[in-house]
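# Reading the structure
One-letter residues, chain by chain:
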Amino acid sequence: MRKTIVTSSIALSLLFGSSVASAEPTFTDLNSTHWAYKSVAGLAAKNVISGYQDGSYKPDSTITRAELAVILTKVTGLKLRQSIKHLTRTLNLQIGSHPM
């Protein structure tokens, strides 16, 4: 199954609204004729996605787990540090309750 950044962007956009702000995204490799432009622009306007440091977005590249984690953290408003503490506590309780 092929997962791409664009596919994830569209899914998140549909889930959380896809309104496009008046400011156009300035990704160097995404033009207004790309089929996912409106979804990407909407997520960029909401600061859910920001692209790469070189100004590109790489719309046809496969999304990594780390990139998806960042997107989901931004969309849900989770604080990463709090999430890690909660996960650690949960794992410690589960692991600690089982004899080795």
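Okay, so let's go over this structure. (Residues numbered from 1 in each chain as written. Predicted model: local features only at pLDDT ≥ 70, side-chain atom pairs only at ≥ 80, totals over all residues. Heavy atoms only, no water.)

## A few points about the overall build of the protein chain
A count of helices and strands for the protein chain gives 4 helices and 0 strands. Counting from the amino terminus, helix and strand elements in the protein chain follow one another as α-α-α-α. For the protein chain, the accessible area works out to roughly 7,300 Å², and carbon and sulfur atoms hold 60% of it. (Helix = DSSP H or I, 4+ residues; strand = E, 2+ residues; numbered from the N terminus. Areas by Shrake-Rupley, 256 points an atom, 1.4 Å probe, with all protein chains shown as cover.)

## Describing helix α3 (residues 65-76)
The end-to-end C-alpha distance of α3 is 16 Å, a good match for the 16 Å that 12 residues give at a rise of 1.5 Å each. After α3 finishes, the residue Gly 77 shows a positive phi value of roughly 75°. (Expected span 1.5 Å × (residues − 1).)

## Quick look at the packing of aromatic side chains
Applying the stated criterion across every chain yields a total of 1 aromatic pair. Plain terms: the ring middles of Phe 27 and Tyr 57 are 5.1 Å apart, the flat faces sit at 40° to each other, and that makes the pair tilted. One end of the pair, Phe 27, is in the loop between α1 (5-16) and α2 (37-45); the other, Tyr 57, is in the loop between α2 and α3, and 30 residues separate them in sequence. Looking at Tyr 57, the relative accessible area reads 2%, which means it is buried. Across from the ring centre of Tyr 52, 4.2 Å away, lies the NZ or CZ of Lys 58, which sits over that ring. (Phe/Tyr/Trp six-rings, centres within 6.5 Å; stacked < 30°, edge-to-face > 60°. Buried < 20%, exposed > 50% of the residue type's maximum accessible area, 1.4 Å probe, protein only. Lys NZ or Arg CZ within 6 Å of the ring centre and 35° of its normal.)

## Some points on α2
Burial analysis of α2 places 7 of its 9 residues in the buried class, which makes it a mostly covered element. Residues of α2 that are buried include every one of Tyr 37, Ser 39, Val 40, Ala 41, Gly 42, Leu 43 and Ala 44, and no others. Following α2 by one or two positions, Asn 47 has its phi on the positive side, about 60°.

## Quick look at the nonpolar core
In this structure, Phe 27, Leu 30, Val 40, Val 48, Ile 49, Tyr 57 and Ile 71 are the most contacted members of the largest nonpolar core, which totals 13 residues. No other element matches the 5 residues that α2 contributes to this core. If we ignore the near neighbours within four places in the chain, the residues touching Leu 30 are Tyr 37, Val 40, Tyr 57 and Pro 59. (Core = buried A, V, L, I, M, F, W, Y, C linked by side-chain atoms within 4.5 Å. Contact = heavy atoms within 4.5 Å.)

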